[in-house]
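What the coordinates show
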Amino acid sequence: MFAGSVATNPARKPWVDAMRMLGPPTCRLLLFDKATRKHFDPSALEAALRSSSFSVHLKGHVGPRKAIMDSIRCGSLPVIASDRTPFPFSDEIDYAAFALRVPEKANATRFLAALSQISEDELRGMRRAMSEAAHLLDCGPNGGMAAAVLARFVTVADRVVNAVPAVTNTPLPLLKY
C-alpha cells in the first residue's frame, strides 16, 4: 500500500510503477493528484492501511514522515524506501524488528515480490514487535508518547547537569524535574 504523490519526489516513480504493475489486491495505491488538489479521505486511508500487510514509505521533504506513524498505528508493517529517513526514539524502539528498510534505488519490483516470501510466523513476530512499539508512538490520551518525551527530557537534563564539573563557578541550569 502506498499513499502519496509522485510529483513531490521523482524517486517515488519506480516504486509506484512497480506497484501498478503488481496491481490490486497485492498492491494498493492512493495517489494525490496535485492538479486537482484532491486530498485523501482520512477514513479511506485508514481503512487501506488497516487492510494492508505492508505500507511503502518513500522519502519526502522531511523525515520522519507522519505516514510511518499512521502505518504503525493501523497495523501495517512499514517498508521504508529511503537511505536516510530517521526514526523517532530509535534508541528505545527496535525498528529493525518490524520495519523493513531498503535503499531508495533498490529494484522496487524485485523487492515488492520478495515481500510475499516472508513466512506467516515471521509476519506475526513483526506485528507483535510493532504493536509493542506503537504505544510509545501514540500521541493520544492513553498513548505513551508524552511519557516517552518526558523521559527523553529527563535524560537530556541529567546529561546537562552531570556535564557541569563538581567544582565550578558556573551556576547549574535551573532545571526541576
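Everything numeric in this text was worked out from a predicted model, so none of it was measured.

**Section: the overall build of the chain**
Counting its secondary structure elements, the chain contains six helices and five strands. Moving toward the C terminus, one meets the helices and strands of the chain in the order β-α-β-α-β-α-β-β-α-α-α. The proportion of buried residues among the 177 residues of the chain is 36%. A sequence separation of at least 24 residues applies to 48% of the contacts in the chain between residues at least 6 apart. In the structure as shown, the chain presents an accessible area of about 10,900 Å², 59% of it carried by carbon and sulfur atoms.

**A short note on the pattern of salt bridges**
Applying the stated rule across the entire model yields six salt bridges. Linking Arg 20 and Asp 17 is a salt bridge whose minimum nitrogen-to-oxygen distance equals 3.8 Å. Highlighted residues: Arg 20 and Asp 17, both in helix α1 (residues 13-22), separated by three residues, approximately one helical turn. Arg 124 serves as the salt-bridge partner of Asp 121, at 2.3 Å between the closest nitrogen and oxygen. Taken together, the residues Asp 121 and Arg 124, both in helix α5 (residues 120-134) and three residues apart, mark about one turn of the helix. The exposed category is assigned to Asp 121, whose relative accessible area is 56%. By relative accessible area, which is 42% here, Arg 124 ends up partly exposed. Linked by salt bridges that have partners in common, Glu 46, Arg 50, Asp 70 and Arg 73 make up one network.

Parameters and conventions
- Residues numbered from 1 in each chain as written.
- Predicted model: local features only at pLDDT ≥ 70, side-chain atom pairs only at ≥ 80, totals over all residues.
- Heavy atoms only, no water.
- Helix = DSSP H or I, 4+ residues; strand = E, 2+ residues; numbered from the N terminus.
- Buried < 20%, exposed > 50% of the residue type's maximum accessible area, 1.4 Å probe, protein only.
- Contact = heavy atoms within 4.5 Å.
- Areas by Shrake-Rupley, 256 points an atom, 1.4 Å probe, with all protein chains shown as cover.
- Salt bridge = Lys/Arg side-chain N within 4 Å of Asp/Glu carboxyl O.

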